Amino acid sequence: MTSQVPPVPADLIGEDRHPGRGRRLIAGLAVTQTIAYGTLYYAFAVLLTPLAADLHTSTTTVTGAFTASVLTGALLAVPIGRWLDRHGGRVLMTAGSLAGALLLVALANVTTVTQLYVVQIGIGAAASASLYEAAFAVVIAFFTADRRAGAVLAITVVAGFASSIFLPLTGWLVDAYGWREAVLVLAAVQAVTVPVHAILVRRPAYRITPAPRPGRGAGAVRTVLADGGFWLLAVGFTAHTAAVSTLSVHLIAALISWGQPPTFAAGIAGLLGVLSVTGRLLSTGLQRRFRTTRVTAAVFAVQAVAALLLPVIGARTAGAIGAVIGLGIGFGVATIAKPVILAERYTTLRYATIAGVLVVPMTLAKATAPLAAAGLHASTGSYTPVLVAVAVCCGLGATAIATAPVTRSLVD
């Protein structure tokens, strides 16, 4: 059964009332997402080895702290979504940014593994309150339907360069000053995001009716959870997340195992960041002519083919480059497709809660898939089964999203 609710009047959308504020909001979130992803997420890869050495523990133990951080985000996804739907993003994102800066200061002063885990769990909470999911909820609430995809694209294109900026920056800081001093510098950079969120992020201009009505509030969420199409989307995006997270961890090692020099393998893997931005631009352009679900499914299917071909042609330079291009073009597509598809299908008045439900299995897949892939490699002695598994996940993602019904269960 479907529910129909009248659209939110255009004069109640913040963008229509304050067009200049919309442009400032996009610019501000593009900057804060780039900084926060760099300081709270990507920098950890550079800190891993010196941190483990300083704490006299293994890199596996330190990696476990990062995994705990990611799982904390999954645990908090739905509660944070409810908060965003009820109160908007200003207080939450400002508090998350401030907590992130303070926790980086704490990270620079850890002396035990226990302290590391506590701090990383806190960083996971701060990240979930201030990174993409919170930012997208603000964008969905602020912009009209015809501008949302463009706003999300603009933010993610800029933030897509976070790894390209912060990985070398963090490496240089560690080499020049040591890892503790490097983290303190990152904390100062992270602090820049606090006033930006406090000034630019505003509550939605419309009021959310407290009492549940058909298609709104708690009723809207229940209707979405009863929709088979929602669970097809959940399967599709979760399977794809498992594939992408596996590739992020194992691609370099796989290329080396097929005879590629380590420098070449690392260099070609570095193309993934640029390719993810290219894929976002391409898919957003195609969405003007085709449905978002069709474009997304097609990109996932290309990745499935590339993953199957990589073990066959990966030993040759041209083959490795071609396969990585096919894989990388879809790396960032899910990031922009998910909020657009959810906003198209369901009420935006409860967007953040609905997105939070979807984020939980995706985050669990992100945390566990690389470990499962490592186990598969250890048991078979080859990366070929790992790439086959990646292909299966991409194919499953494409099939699930392509078969999700186009009929909207809830519209706003």
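Help me understand the overall build of the chain in this model?
The helix and strand tally for the chain stands at 19 helices and zero strands. Here the chain, with 412 residues, has 54% of them falling under the buried criterion. As presented, the chain carries roughly 17000 Å² of accessible surface, and 68% of it is formed by carbon and sulfur atoms.

What's the story with the nonpolar core in this structure? I'm lost.
One broad rule of soluble globular proteins: the nonpolar side chains tend to lie buried together. Counting 84 residues, the largest nonpolar core has Leu29, Leu107, Phe230, Phe237, Leu342 and Tyr351 as its most contacted members. Of all the elements, helix H2 (residues 19-54) adds the most residues to this core, at 12 residues. Val244, Ala269, Leu275 and Tyr383 belong to the second largest nonpolar core, which has 29 residues in total.

Hey, could you run me through the environment of Ile123 in this one?
As for its placement among the helices and strands, Ile123 is situated in helix H5 (residues 113-130). On the basis of relative accessible area, Ile123 is assigned to the buried category, the value being 2%. Between the C-alpha atoms of Ile123 and Gly73, which are 50 residues apart in sequence, the distance is 9.2 Å. Contact partners of Ile123, with chain neighbours within four places excluded, come to Leu40, Ser69, Leu103, Leu104 and Leu107.

Sorry if this is basic, but what is going on with the packing of aromatic side chains here?
The way to describe two aromatic rings as a pair is by their centre distance and the angle between their planes. Applying the stated rule across the entire model yields 12 aromatic pairs. Seen in terms of ring centroids, Tyr37 and Tyr41 are 6.2 Å apart; in terms of plane orientation they differ by 75 degrees. Their pairing is edge-to-face. Of this pair, Tyr37 and Tyr41 both sit in helix H2, four residues apart, which is roughly one turn of that helix. By relative accessible area, Tyr37 is classed as buried at 14%. The class of Tyr41 is partly exposed, set by a relative accessible area of 23%. Geometrically, the ring pair formed by Tyr37 and Tyr132 is tilted, given 4.7 Å between the ring centres and 50 degrees between the ring planes. Residue Tyr37 is located in helix H2, and its partner Tyr132 is located in helix H6 (residues 132-142); the two are separated by 95 residues in the primary sequence.

What should I look at first to understand unusual backbone geometry in this one?
Most peptide bonds are trans, and most residues other than glycine sit at a negative phi. Here the phi dihedral of His56 falls at roughly 55 degrees; this positive angle occurs in a residue that is not glycine. According to the relative accessible area criterion, His56 is exposed, its value standing at 73%.

Which parts of the structure should I look at to understand helix H13 (residues 262-269)?
An α-helix turns once every 3.6 residues. As a result, residues three or four positions apart point the same way. Among all positions of H13, only Ala265, Ile268 and Ala269 are buried. Buried residues along H13 cover an arc of 100 degrees about the axis, so they all sit on one side. Contacts from the buried residues of H13 go to helix H12 (228-257), helix H14 (271-286) and helix H16 (317-328).

Teacher, can you tell me more about a nonpolar patch on the surface here?
A contiguous nonpolar patch, built from Phe161, Ile165, Leu169, Trp172, Tyr177 and Val274 and spanning about 580 Å² of accessible area, is present on the exposed surface. Element by element, the count of residues in the nonpolar patch is highest for helix H8 (residues 162-177), at four residues. Within the secondary structure, Leu169 is located in helix H8.

What should I look at first to understand the confidence of the model for the chain in this one?
Caution is warranted with low-pLDDT regions, since their predicted coordinates should not be read in detail. A residue-level look at the chain finds 89% of positions with pLDDT of 70 or above and a mean pLDDT of 84. In the predicted structure, residues 206-215 sits below a pLDDT of 50 and forms 16 contacts with residues beyond four places in sequence or in another chain.

Please explain the side chain of Gln303 as it appears in this structure.
Position of Gln303 relative to the elements: it lies in helix H15 (residues 292-313). What makes Gln303 buried here is its relative accessible area of 0%. Within the local environment of Gln303, its side chain forms a polar contact with the side chain of His240, the two groups lying 2.6 Å apart. If we ignore the near neighbours within four places in the chain, the residues touching Gln303 are His240, Val244, Gly326, Leu327, Gly330, Phe331 and Cys394.

Teacher, can you tell me more about the side chain of Gln190 here?
Secondary-structure assignment places Gln190 in helix H9 (residues 179-191). When its relative accessible area of 0% is taken as the criterion, Gln190 is described as buried. A polar contact of 2.9 Å, which involves the side chain of Gln190, links it to the side chain of Thr39. Ignoring sequence-local partners within four residues, the contact set of Gln190 consists of Ile35, Ala36, Thr39, Leu40, Ser97, Gly100, Ala101 and Leu104.

What am I meant to see in the environment of Ala373 here?
Turning to its location among the elements, Ala373 is positioned in helix H18 (residues 351-380). According to the relative accessible area criterion, Ala373 is buried, its value standing at 7%. In this structure, the C-alpha to C-alpha distance between Ala373 and Thr246, residues 127 residues apart in sequence, is 6.6 Å.

Mind showing me how you'd approach the environment of Val312 here?
For Val312, the location among the structural elements is in helix H15. For the pair formed by Val312 and Ala323, sequence separation is 11 residues and the distance between their alpha carbons is 9.9 Å.

How each quantity is defined
- Residues numbered from 1 in each chain as written.
- Predicted model: local features only at pLDDT ≥ 70, side-chain atom pairs only at ≥ 80, totals over all residues.
- Heavy atoms only, no water.
- Helix = DSSP H or I, 4+ residues; strand = E, 2+ residues; numbered from the N terminus.
- Buried < 20%, exposed > 50% of the residue type's maximum accessible area, 1.4 Å probe, protein only.
- Areas by Shrake-Rupley, 256 points an atom, 1.4 Å probe, with all protein chains shown as cover.
- Core = buried A, V, L, I, M, F, W, Y, C linked by side-chain atoms within 4.5 Å.
- Contact = heavy atoms within 4.5 Å.
- Phe/Tyr/Trp six-rings, centres within 6.5 Å; stacked < 30°, edge-to-face > 60°.
- Arc of directions from axis to C-beta.
- Patch = residues over 30% accessible without salt bridge, like charges linked within 9 Å, V, L, I, M, F, W, Y side chains within 5 Å.
- Salt bridge = Lys/Arg side-chain N within 4 Å of Asp/Glu carboxyl O.
- pLDDT = per-residue confidence, 0-100.
- Polar contact = N/O pair within 3.5 Å; in protein donor to acceptor, adjacent residues only side chain to side chain.

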